[in-house]
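Each chain, written out:
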Amino acid sequence: MTVPEQDATGSAPQVVSSFLEQRKEQIAQRWADAPLFRSVFTVSRDEAVEACKAVVEALSEVAVSGRLEDTEAPGFGSVRDQLGRMTATRSRSGFTPARIAGEVAGLRVPAIELLRREFADPAVPQVQEAVLALTLLMGTLRLVVMETALDANTELIERQRQQLLEVATPVINLWEGTVAVPLIGTLDSARSQIVMESLLEAIVEQRARYAILDITGVPTVDSLVAQHLMKTVAAARLMGAECIVSGIRPAIAQTIVQLGIDLGSVLTRSSLADALAYALSRQGIEVSRADAGASAR
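Keep in mind the model is a prediction, meaning the values are calculated, not measured.

What counts, and where the lines are drawn
The numbering scheme is per chain: residues are counted from 1 as the chain's sequence reads. Local features are withheld for residues below a pLDDT of 70 in this predicted model, meaning they are given only at 70 or higher, and side-chain atom pairs are given and counted only at 80 or more; totals for whole chains, interfaces and linings count all residues. Calculation of side-chain values draws on the structure's entire complement of heavy atoms; hydrogens and water are dropped beforehand. Two strands pair under a simple rule: DSSP has to find at least two bridges between them. Put simply, DSSP H or I for four residues or longer makes a helix, DSSP E for two residues or longer makes a strand, and each gets a number counted from the N terminus. Only C-alpha atoms enter the line fits that serve as axes; for helices the fit covers just the stretch in contact. Angles between N-to-C directions range over 0 to 180 degrees. Note on aromatic pairs: the rings of Phe, Tyr and Trp (six-membered ring only in Trp) are paired at centre separations within 6.5 Å, and the planes decide the class, stacked below 30 degrees, edge-to-face beyond 60, tilted for the rest. Each ring is checked for a lysine NZ or an arginine CZ that lies within 6 Å of its centre and within 35 degrees of its normal; such an atom marks a charge sitting over the ring. Throughout, the term roughly parallel applies to angles under 35 degrees, roughly antiparallel to angles over 145, roughly perpendicular to angles from 65 to 115, and oblique to all others. In a left-handed crossing the near helix is turned counterclockwise from the far helix by less than a right angle, and in a right-handed crossing that turn is clockwise. Any two residues having at least one pair of non-hydrogen atoms within 4.5 Å are treated as being in contact. We call a set of buried Ala, Val, Leu, Ile, Met, Phe, Trp, Tyr and Cys residues a nonpolar core when their side-chain atoms join them within 4.5 Å. Exposure categories follow from relative accessible area, calculated using a 1.4 Å probe and restricted to protein chains: below 20% of the type maximum is buried, above 50% is exposed, and the middle band is partly exposed. Any carboxyl oxygen of Asp or Glu that lies within 4 Å of a side-chain nitrogen of Lys or Arg is treated as forming a salt bridge with it. The residue classification treats Ala, Val, Leu, Ile, Met, Phe, Trp, Tyr, Cys and Pro as nonpolar and Asp, Glu, Lys and Arg as charged. All others, Gly included, are polar.

Engineer: Can you explain the sheet that holds strand β5 (residues 267–269)? Please cite residues and give values.
Structural biologist: Spatially, β1-β2-β3-β4-β5 is the arrangement adopted by the five strands of the open sheet, whose pairing is mixed. Every interior strand has two partners, whereas the edge strands, β1 (172–175) and β5, have only one. Strand-to-strand, the axes of this sheet are offset by a mean angle of 30°, without reference to chain direction. Pairing analysis gives three bridges linking strand β4 (residues 242–246) to β5, with the strands arranged parallel. What sits directly across from Ser-246, in β5, is Arg-269.

Listed below in structure tokens is the structure:
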């Protein structure tokens, strides 16, 4: 069975659309063994074939519209989610967007081979035009997949960044009723938000009355960092906890004074140990060194 006569004499996009619709099963069977589909649908080949059919149908819809080079053509919208899941799977396996796009490019050859077989004389101009149209269409599919892969990578990187921020700002339960957040590195707006959220959650969970923000590991303190600290202290107070800022080194103290930053309403201590000692004393807990003689015995 070949492309019907009326379709063969039509425009190249129409010929391609008719071909894709008629040979959907054959194309899907070939594509199902390609690395892009085979590596994703590892349990059932039938599932891979159905996924391939969905992509062929989408390409046929795009061809009908004549928008062969438009990545926003309506047909592509129906398979973007599926393509997104597939490319995300490949990305998690360590494949780059360029490598994934290369796998999509490999789908073009079997489709064009089948298209050429539809005509008695593959050298006639109509066939060449149809092949060119299908090549353009497959190239657009490659761009769609690459865009989807880049989006998936961006989302993955953002999730990993969020996870790193959370790991980098742990809330430590120092004592019953006392929690601390040791800050290390630059304190920007995104990280400050996580610090505030993590600290407030810990205050509620631990029923903490004292919260210590230790900035010993913060290299510099400017007006923006000071503003973030003030907001965190204010939020902790609203939750019923007294907030103590510790680890203010001499150089940072001088910077704060030179910038004219008013931390008069914030309770500060020079070190985390001093802050903890203050919090414990406020709770009626006395900490003393063990007697040296008793330790020896």
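After presenting the structure, the write-up continues.
Engineer: Can you tell me about the packing of aromatic side chains, naming the residues and giving the values?
Structural biologist: The relative placement of two aromatic rings is captured by the distance of their centres and the angle of their planes. Counted by the stated rule, this structure contains zero aromatic pairs. Taking NZ or CZ as reference, Arg-269 lies 4.7 Å from the ring centre of Tyr-278, over its face.

Engineer: Please provide a residue-by-residue account of the packing of helix α2 (residues 12–22) against helix α5 (residues 45–65), values included.
Structural biologist: Angle between the axes and distance between the axes: these two values describe a pair of packed helices. Running from amino to carboxyl end, α2 crosses α5 at an angle of 160°, the nearest separation of the two axes being 8 Å. Taken as axis vectors, α2 and α5 run roughly antiparallel relative to one another. For the pair α2 and α5, the crossing hand works out as left-handed. Between α2 and α5, the residues in contact are Pro-13, Val-16, Ser-17, Leu-20 and Glu-21 and Val-56, Leu-59, Ser-60, Ala-63 and Val-64, respectively.

Engineer: Please set out the nonpolar core residue by residue, giving values where relevant.
Structural biologist: Across soluble globular proteins, you tend to see nonpolar side chains buried next to one another. In terms of nonpolar packing, the biggest core is built from 49 residues, with Leu-20, Trp-31, Phe-37, Leu-59, Leu-134, Leu-137 and Leu-141 touching the most fellow members. If you tally residues by element for this core, the top one is helix α10 (residues 125–167), at 11 residues. Other than its neighbours up to four places away in sequence, Leu-141 contacts Val-55, Leu-59, Phe-76, Leu-83 and Val-104. Val-181, Leu-187, Cys-243 and Leu-263 belong to the second largest nonpolar core, which has 27 residues in total.

Engineer: So what's going on with the pattern of salt bridges? Which residues, and what values?
Structural biologist: For the coordinates displayed, the defined rule picks out eight salt bridges. With a shortest N-O distance of 3.9 Å, Lys-24 and Glu-21 are connected by a salt bridge. On the accessibility criterion, Glu-21 (44% relative accessible area) is partly exposed. The salt bridge involving Arg-30 is made with Glu-113; its shortest N-O contact spans 3.3 Å. Placement of Arg-30 in helix α3 (residues 24–31) and of Glu-113 in helix α9 (residues 108–117) is noted, with a sequence separation of 83 residues between them. On the basis of relative accessibility, which here comes to 32%, the residue Arg-30 falls in the partly exposed class.

Engineer: Tell me about unusual backbone geometry, and name the residues and values.
Structural biologist: When glycine is set aside, most residues are seen to have a negative phi, and most peptide bonds are trans. Not every positive phi belongs to a glycine, and Arg-207 is a case in point at roughly 50°. Tracing the sequence through the fold places Arg-207 in the loop between α11 (189–206) and β3 (210–217).

Engineer: I'd like to hear about the packing of α3 against α9, residue by residue, with values.
Structural biologist: Where α3 meets α9, the axes come as close as 10 Å, and the angle between the chain directions of the two elements is 150°. Overall, the two elements α3 and α9 adopt an arrangement that is roughly antiparallel. In the packing of α3 onto α9, the handedness of the crossing is right-handed. Residues Gln-26, Ile-27, Arg-30 and Trp-31 of α3 form the contact with α9, whose participating residues are Pro-110, Ala-111, Glu-113, Leu-114 and Arg-117. Within the contact of α3 with α9, the residues separate by chemical class into five nonpolar, one polar and three charged.

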